[in-house]
Amino acid sequence: MIIKRYGLAIVAALFIGGHVNAADIMAGEAFSANCTSCHGNNGISPSAEVPNLAGQLPDYIVKRVNSFRDAKQGDSLMHGLANLLNNPQDIENVAAYYGSLPRARYKSTNKSLIEAGKRVYFGTYNCSLCHGSDGRGESPTNGATSPMVVGQSKRYILKALYDFRTNKRTSNEGYMMNLILPSVSEENIDAVAEYLSSQ
Ligand code: HEC
Ligand code: HEC
């Protein structure tokens, strides 16, 4: 049973290499009981405003959780979990678990908006340079992780992009987002969010 259930995760862990192993993922699944009320079962959130964690890069999950925990005025819901999140191993485990799950998929039939968004993503603003041509993100060894940007609801992507645009959301790694977004028109933000959420 266990092998059947975790077999893929073990293979994934072997590919990722290093410190991720099946035991971490299993411990992470247990710890994720603290997250499901908002992030849903299997890391797919019931609310379009709460990000999905399924398939997200583990490095990015760790960074974001640490920044919520350490923020003086973080997102109040995540910051409220600070006491729960003070063991680094728990965070590594839960990040490995969510990273091993299949990402969410959403459908859109608005072909022209998707096409326009694709042009923004690959052309005008070169989003793909950091987030990858498939939107799965990049986790280079120098630590400059860019998150997966597919597998999220359009609503959450819009929220994130406007939070960067207005500097409501800032981070050391994300400064480029704060630099780029003010120059992206509302129309293009809408289009790129449609494109990403439909992939
Ligand atoms: C009470 C609700 C709640 C609980 C419980 C909760 N979260 Fe969150 N989480 C949120 C909200 C809301 C956001 C979005 C914050 C934002 O957009 O600024 C979020 C964002 C995140 C993000 C950022 C994702 C991204 O794509 O940038 C990560 C990572 C995360 N949570 C991890 C966790 C983990 C791990 C747990 C369990 C230990 C957890 N959360 C429990 C509400 C919650
Ligand atoms: C120079 C690299 C770079 C470029 C170019 C870039 N991004 Fe990002 N992006 C990042 C990084 C790094 C973060 C994570 C910031 C953080 O830690 O909060 C991020 C975060 C995001 C997020 C939030 C993801 C989440 O789960 O909360 C979205 C959505 C996003 N980028 C979309 C875009 C789009 C659309 C473009 C093009 C208009 C773009 N990015 C261009 C590096 C980049």
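Right, let's walk through the structure included here. (Residues numbered from 1 in each chain as written. Chains lettered and ligands numbered in written order. Predicted model: local features only at pLDDT ≥ 70, side-chain atom pairs only at ≥ 80, totals over all residues.)

**Examining the overall build of the protein chain**
The helix and strand tally for the protein chain stands at eleven helices and zero strands. Reading the protein chain from its N terminus to its C terminus gives the helix and strand order α-α-α-α-α-α-α-α-α-α-α. Counted over contacts in the protein chain with a minimum sequence separation of 6, partners at least 24 positions apart contribute 66%. (Helix = DSSP H or I, 4+ residues; strand = E, 2+ residues; numbered from the N terminus. Contact = placed C-beta atoms within 7 Å.)

**A look at the site of ligand 2**
In the vicinity of ligand 2 there are 22 residues, among which Tyr125, Cys127, Cys130, Gly174 and Met176 approach most closely. Contributing elements (two or more residues each) for the shell around ligand 2: helix H8 (127–131), helix H9 (154–165) and helix H10 (175–180). With four residues, H8 is the single largest residue contributor to the shell around ligand 2. Taken together, the residues that form the shell around ligand 2 break down as 15 nonpolar, five polar and two charged. (Near = placed C-beta within 6 Å. Nonpolar A, V, L, I, M, F, W, Y, C, P; charged D, E, K, R; others polar.)

**Digging into helix H11 (residues 186–197)**
Taking 1.5 Å per residue, twelve residues should reach 16 Å; H11 reaches 16 Å between its end C-alpha atoms and fits that length. Burial in H11 covers these residues: Ala191, Val192, Ala193, Glu194, Tyr195, Leu196 and Ser197. Close packing links the buried residues of H11 with helix H7 (111–124), H8 and H9. (Expected span 1.5 Å × (residues − 1). Buried ≥ 20, exposed ≤ 12 C-beta atoms within 10 Å, placed from the backbone.)

**A word on H9**
A rise of 1.5 Å per residue sets the reference length of H9, with its twelve residues, at 16 Å; its end C-alpha atoms lie 16 Å apart and thus fit the reference within 8%. Listing the buried residues of H9 in full gives Ile157, Leu158, Ala160, Leu161 and Phe164. Axial view of H9: buried residues confined to an arc of 165 degrees, hence all on one face. Buried positions along H9 lie against H10 and H11. In the segment just after H9, Asn167 is the residue with positive phi, at about 60 degrees. (Arc of directions from axis to C-beta.)

**Points about the nonpolar core**
Counting 34 residues, the largest nonpolar core has Tyr98, Ile157, Val192 and Leu196 as its most contacted members. Contributions of two or more residues to this core are made by helix H2 (22–31), helix H4 (58–70), helix H6 (88–99), H7, H9 and H11. A total of six residues in this core trace back to one element, the largest contributor, which is H6. Each of domain 1 (2–99) and domain 2 (111–197) contributes no fewer than three residues to this core. (Core = buried A, V, L, I, M, F, W, Y, C linked by C-beta atoms within 7 Å. Domains from an automatic or database assignment.)

Geometric descriptors of this kind do not, in isolation, establish any biological role.
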